[in-house]
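So the chains spell out like this:
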Amino acid sequence: MIYHLLYPLHTTISFFNVFRYITFRTIFASITALLICLVIGPWVIRKLQEMQIGQQIREDGPQSHLTKKGTPTMGGVLIIFAVVFSTLLWTNLSINYVWLILLVTVGYGLIGFVDDYSKFTGKSSRGISSKVRLIAEIIIALFVSVILYLKPEFNLQITVPFFKTILPDLGWGYILFSTFIIVGAANAVNLTDGLDGLAIGPAIICFAAYLLFAYFAGNVKVAYYLRVAHISGAGELAVFCGALVGAGLGFLWFNAYPAEIFMGDVGSLSLGGALGTVAILTKQEILLAIVGGIFVVETFSVIFQVGYFKMTGGKRILRMAPLHHHFELKGWAEPKVIVRFWIISILLALMAISTLKLR
Ligand code: 57M
């Protein structure tokens, strides 16, 4: 909005030229979203408390979690509001990619909202059926993937990290591929969201990395220099990523150990869906497995644990899945698990960024 209102004034007052720059708008999108979270966060927490939207805790989890009973949840509403508001304010809204990513962010947020709300009204920790939830996630992801497939300028080749000449063209298969990435990312973030700040920390780091990828892809000269696909309009996704980094930091202010609020499925599905979508739109799809390695490892820890558990009739590989519970049960203090996962996440993001040169 600001871009559309103020940039045209640059012909009379040259200062307004500044609103053209993606770097400037990314920084201010980030600051706007951060401030929104910091300012309205306490009010949201109070309201959720008044409405008694508190977390139900499973009795079979780590005992240390029982003290978390009643912590307000559905804080993802705050993240989504800050991101959408800031994105609408600072991006160039004539770029379709912005609307596609907002659609996934809000759509997945709605699925999570219904799930959280049904847990709250049902007063159990189970929520809506996982099949219904998955179908809703697939419908949104398929919709976005088909739109991209139908866009003549959208490239259906995938980028393979470390190999700049290997660019397999998936054709219509790209629709299935991108649906898998979006749905997979949403569920991976959801599984990781089990300790204070554990999901939002790596999510901030991932969006910061994709902010760079979006900026590089959107800039003709940088894209040419780095030999990455140039995607006209991708720079606006950097502004979106900036808003997410800001909102994430603002949410972490309250979600840091000991958490005053949890994001709920409304937050984790929305963040994960947005992350998968930004990986698709910036054509750094496979790299998401490195940038978001923490989410991938957490997901595999669940797949292997559940598979082994079923195959052996009750035996376990880990003390408890997802992986963060294993370390908790080994005796690591919660903040130690969280901060170590953040450190690994930063390392993975740096490695992923370095692949732009290591090709
Ligand atoms: C949700 N959510 C937390 C909060 C958050 C297949 C199975 C492995 C699935 C998995 C599962 O359900 N994972 C998804 C994980 C829950 O947090 C809520 O959920 C939202 C995110 N979706 O925003 O609203 C609890 O996590 C803790 N938490 C924090 N701080 C935060 O900032 O401490 C969350 C956010 C909260 C709070 O305690 O209540 C969750 O863990 O439920 N299932 C599991 O994770 C369960 N694992 C399991 O059963 N493993 C088995 C195998 C054989 C399936 C095993 O290894 O033996 C564990 N989770 C719990 N208890 N709570 C174990 C039992």
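In case you missed it, the structure is sitting above this.
Residues numbered from 1 in each chain as written. Predicted model: local features only at pLDDT ≥ 70, side-chain atom pairs only at ≥ 80, totals over all residues. Heavy atoms only, no water.

Chemist: Hey, could you go over the overall build of the protein for me, with residue numbers and the actual values?
Modeler: When its secondary structure is counted, the protein shows 14 helices and 0 strands. The helix and strand sequence of the protein, counted from the amino end, reads α-α-α-α-α-α-α-α-α-α-α-α-α-α. Against the globule reference of 21 Å for 359 residues, the protein gives a C-alpha radius of gyration of 20 Å, in line with a compact fold. Among the 359 residues that make up the protein, the fraction classed as buried is 53%. Restricting to contacts in the protein with at least 6 residues of sequence separation, those with at least 24 account for 74%. Total accessible area on the protein stands at roughly 16,600 Å², and carbon and sulfur atoms take up 70% of it. Here the protein contributes 26 positive and 17 negative side-chain charges, whose respective centroids are spaced 6 Å apart. (Helix = DSSP H or I, 4+ residues; strand = E, 2+ residues; numbered from the N terminus. Rg over C-alpha atoms; globule rule 2.2 N^0.38 Å. Buried < 20%, exposed > 50% of the residue type's maximum accessible area, 1.4 Å probe, protein only. Contact = heavy atoms within 4.5 Å. Areas by Shrake-Rupley, 256 points an atom, 1.4 Å probe, with all protein chains shown as cover. Lys, Arg positive; Asp, Glu negative; His and termini not counted. Charge placed at Lys NZ, Arg CZ, Asp CG, Glu CD.)

Chemist: Any chance you could break down the pattern of salt bridges for me, citing the residues and the numbers?
Modeler: Counted by the stated rule, this structure contains 11 salt bridges. Of the charged contacts in the structure, one is a salt bridge between Glu236 and Arg25, with a shortest N-O distance of 2.8 Å. With Glu236 in helix α9 (residues 235–255) and Arg25 in helix α2 (residues 22–50), this pair connects stretches of sequence that are 211 residues apart. The pair Glu236 / Arg25 is uniform in exposure class, with both members buried. (Salt bridge = Lys/Arg side-chain N within 4 Å of Asp/Glu carboxyl O.)

Chemist: I'd love a proper account of the side chain of His325, names of residues and values included.
Modeler: Turning to its location among the elements, His325 is positioned in helix α13 (residues 323–329). Discounting residues that sit within four places of it in the chain, His325 has contacts with Pro62, His65, Gly194 and Met320.

Chemist: Break down the site of the ligand for me, citing the residues and quoting the values.
Modeler: Every one of the 30 residues lining the ligand counts as a neighbour, but Gln55, Asn190, Asp193, Gly264 and Asp265 are closest to it. Within the side chain of Asp265, one N or O atom sits 2.4 Å away from a nitrogen atom of the ligand. In the environment of the ligand, an oxygen atom lies 2.7 Å from a nitrogen or oxygen atom belonging to the side chain of Arg316. Bound to the protein, the ligand loses 84% of the 1,100 Å² it would expose on its own. (Near = heavy atom within 4 Å. Polar contact = N/O pair within 3.5 Å; in protein donor to acceptor, adjacent residues only side chain to side chain.)

Chemist: So what's going on with the packing of aromatic side chains? Which residues, and what values?
Modeler: Aromatic rings in a pair are described by how distant their centres are and how their planes are angled relative to each other. Counted under the stated rule, the structure contains 18 aromatic pairs. A cation sits over an aromatic face here: Arg227 above Tyr224, 4.8 Å from the ring centre. (Phe/Tyr/Trp six-rings, centres within 6.5 Å; stacked < 30°, edge-to-face > 60°. Lys NZ or Arg CZ within 6 Å of the ring centre and 35° of its normal.)

Chemist: Explain a nonpolar patch on the surface residue by residue, including any values.
Modeler: Taken together, the side chains of Leu134, Ile138, Leu142, Val146, Tyr149, Leu150, Trp172 and Leu176 define a hydrophobic patch exposed on the protein surface, amounting to about 740 Å² of accessible area. The element that contributes the greatest number of residues to the nonpolar patch is helix α5 (residues 130–150), accounting for 6 residues. (Patch = residues over 30% accessible without salt bridge, like charges linked within 9 Å, V, L, I, M, F, W, Y side chains within 5 Å.)

Chemist: Please set out the packing of helix α4 (residues 96–122) against α5 residue by residue, giving values where relevant.
Modeler: Two elements in contact, α4 and α5, have axes whose closest approach is 10 Å; the angle formed by their N-to-C orientations is 175°. The orientation of α4 relative to α5 falls into the category roughly antiparallel. Across from Tyr97, Leu100, Leu103, Val104, Gly107, Tyr108, Ile111 and Asp115 in α4, the residues of α5 making contact are Arg133, Ala136, Glu137, Ile138, Ile140, Ala141, Phe143, Val144, Ile147 and Leu148. Of the residues belonging to the contact of α4 with α5, the class tally is 14 nonpolar, 1 polar and 3 charged. (Axes fitted to C-alpha atoms, helices over the stretch in contact; angles between N-to-C directions. Parallel < 35°, antiparallel > 145°, perpendicular 65-115°, else oblique. Nonpolar A, V, L, I, M, F, W, Y, C, P; charged D, E, K, R; others polar.)

Chemist: Can you lay out the packing of helix α3 (residues 76–90) against α4 for me, pointing to particular residues and giving the numbers?
Modeler: Where α3 meets α4, the closest approach of the two axes is 11 Å, and the angle between their N-to-C directions is 165°. The angle between the axes of α3 and α4 places the two elements in the roughly antiparallel class. Crossing geometry of α3 relative to α4 is assigned as left-handed. Note on element contacts: α4 touches α3 through Val98, Trp99, Leu102, Thr105, Val106, Gly109 and Phe113, opposite Val77, Ile80, Val84, Thr87 and Leu88. Looking at the contact of α3 with α4 residue by residue, the classes come out as 9 nonpolar, 3 polar and no charged. (Left-handed = near helix turned anticlockwise from the far one by under 90°.)

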